[in-house]
Amino acid sequence: MDASWSDPRHVLDVVERLLSAPRPQLLHRFSAELGKLIPHHAAAMQTGDCPRSPLKVVGDQAIAEAVTSAELQRLVDRSEPGKALVVDDALGGVERRLVLLSSMPPVGKGAVLALVPTDGELPTADLELAAQLWHILSTDAGQRATDPGPDVLASNLAAATARAQVITDLGQTHAATLATLLAVLRSGRLSDTVARRTAVDLAADALVALKGVVDRDQALSEERANAAFAVLKTQLADLARHTEVDVDLVDPVGEASLPQDIAHTARTLTRGLVLAALDRPSTTRLRASWRLDGPVLRVTVRDDSPEVADAIPARGLTERLTTLGGHWEVDAVPGWGTTVTAVLPLGVAEPPELRPLDRLNPREVEVLTGISQGLRNRQIAEQLQLSEHTVKFHVRNILGKLDVSSRGEAAALARDLRLEPVTHRSA
């Protein structure tokens with residue numbers, strides 16, 4: 001081992017450089033730092049925390065271009081979390097000596113790294129230090145993946161959706177081809193029984209292998225809704241235990257899966273809404289739930305605080321939501337409490353062209369009706385039993401959805417749509 005690696009300050013400097021690297025550069029940065037400890041030609045990583053690109057390779061181009069996800073999956077099965085193993089196996093289509101580093105941190109789905117070391121000794125102390133560094137980096141990567149910024153969400157979801165479509169098309173094509181092969185070979189027209197039986201077995205194995213590829217891809221890019229919510233409950237467990245507010249976290253119903261980025265964002269939004277509700281004075285109870293509603297996930301947090309002036313979600317949460325094509329639904333009734341719902345589309349798709357009125361949710365239609373009658377925000381708030389802040393929030397959304405710049409334009413459009421008058425709601 002290089003003497004510098006025995007200096008704790010040097011190791012801490014390496015860790016600092018690794019943790020400060022942007023997420024797309026993590027593998028490149030780690031490979032460069034680790035090359036000073038374990039020289040290697042190439043490094044290939046497979047992670048469960050990146051739906052956009054779970055397989056990444058850096059180093060020798062001849063190796064990098066030949067590495068396949070099937071090879072990495074086989075190496076995942078051979079690895080042991082927390083350990084560095086030296087094995088002989090295929091990578092890039094060639095049998096090689098490899099170093100496997102595997103980590104399964106408390107947060108995230110973990111990652112496996114395969115190194116192609118240069119010729120030379122691999123001291124046990126160097127391997128152990130490499131395994132510890134990989135665990136630190138994997139833990140940080142898992143934490144980042146659970147709360148991605150708006151700048152990566154849209155591209156992640158679009159890439160994951162397109163990738164899933166390609167995998168589905170590929171799977172269906174090969175499945176049809178192999179099913180046809182089985183039908184032909186089972187037809188009895190071939191006299192060589194042994195050859196036919198062998199071909200049938202090979203084709204059946206190929207179908208099983210193909211299904212395994214699709215299943216692995218889905219496992220890397222999706223999370224079960226109930227499992228994703230269980231992670232959220234764990235994250236909020238200490239808060240719920242020590243606050244004086246009665247916190248009710250309601251599990252989603254069913255076994256549906258969510259795209260990873262949707263699951264991450266749903267957890268971020270729920271945590272943010274729960275914390276905001278706890279900050280409102282006089283909150284004694286709150287309820288957080290997820291509900292799969294056709295093509296969308298509805299994340300709802302309801303509290304009983306009678307003071308609703310601060311019910312509009314924080315700007316940072318809005319950026320995460322709108323990046324994925326989602327929107328808020330807010331009901332804040334003075335003296336009764338607040339219900340905030342984040343509506344998250346489950347996929348990236350071009351929506352059908354809507355009539356102007358179809359773009360508004362029912363509450364926004366009610367507010368627009370008030371605008372068309374010449375009512376001010378305070379009057380609309382009184383009629384609908386909302387706070388004036390909430391009405392302002394809805395007015396802003398209405399102007400954006402109708403693509404108009406003023407209340408007057410919105411009122412003119414509302415009159416053309418012949419909206420029903422706003423009716424007073426009883427408490």
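Residues numbered from 1 in each chain as written. Predicted model: local features only at pLDDT ≥ 70, side-chain atom pairs only at ≥ 80, totals over all residues. Heavy atoms only, no water.

Under an unreviewed UniProt entry, the protein chain has the name Response regulator transcription factor and belongs to Amycolatopsis iheyensis.

A few points about the side chain of threonine 390
Among the structural elements, threonine 390 can be located in helix 13 (residues 388-402). Excluding anything up to four places from it in sequence, threonine 390 contacts Val330 and Ala332. (Helix = DSSP H or I, 4+ residues; strand = E, 2+ residues; numbered from the N terminus. Contact = heavy atoms within 4.5 Å.)

Notes on the pattern of salt bridges
Once the charged atoms of two side chains with opposite charge are near each other, the side chains can pair. Applying the stated criterion across every chain, the model contains 14 salt bridges. For glutamate 80, the salt bridge is made with lysine 83, and the minimal N-O distance between the two is 3.2 Å. Here lysine 83 falls in the partly exposed class, since its relative accessible area comes to 44%. Glutamate 329 is the salt-bridge partner of arginine 298, the closest N and O atoms lying 2.5 Å from each other. One end of the pair, arginine 298, is in strand 10 (residues 296-303); the other, glutamate 329, is in strand 11 (residues 327-333), with 31 residues separating them in the sequence. Through salt bridges with shared partners, a single ionic network connects Arg17, Glu33 and Lys36. (Salt bridge = Lys/Arg side-chain N within 4 Å of Asp/Glu carboxyl O. Buried < 20%, exposed > 50% of the residue type's maximum accessible area, 1.4 Å probe, protein only.)

Looking at the nonpolar core
Note on soluble globular proteins: their nonpolar side chains tend to be buried together. Membership of the largest hydrophobic core comes to 32 residues, with the highest contact counts inside it found for Leu269, Val274, Leu286, Trp290, Leu297, Trp328 and Leu344. At the level of secondary structure, the elements contributing two or more residues to this core comprise helix 8 (225-242), strand 7 (246-250), helix 9 (260-279), strand 9 (285-293), strand 10, helix 10 (315-323), strand 11 and strand 12 (337-345). By size, the runner-up hydrophobic cluster in this structure holds 30 residues, among which are Leu34, Val58, Leu115 and Ala130. (Core = buried A, V, L, I, M, F, W, Y, C linked by side-chain atoms within 4.5 Å.)

A word on the sheet that holds strand 2 (residues 55-59)
Strand order in the open sheet made by the five strands is 2-1-5-4-3, with antiparallel pairing throughout. Each having just a single partner strand, strand 2 and strand 3 (84-91) make up the two edges of the open sheet. Each neighbouring strand pair of the sheet contributes to a mean axis angle of 25 degrees, computed without reference to strand direction. Contacts from helix 4 (residues 69-78) reach strand 1 (40-47), strand 2, strand 3, strand 4 (94-103) and strand 5 (111-117), with the element oriented near 150 degrees to strand 3. (Pairing = 2+ DSSP bridges. Axes fitted to C-alpha atoms, helices over the stretch in contact; angles between N-to-C directions.)

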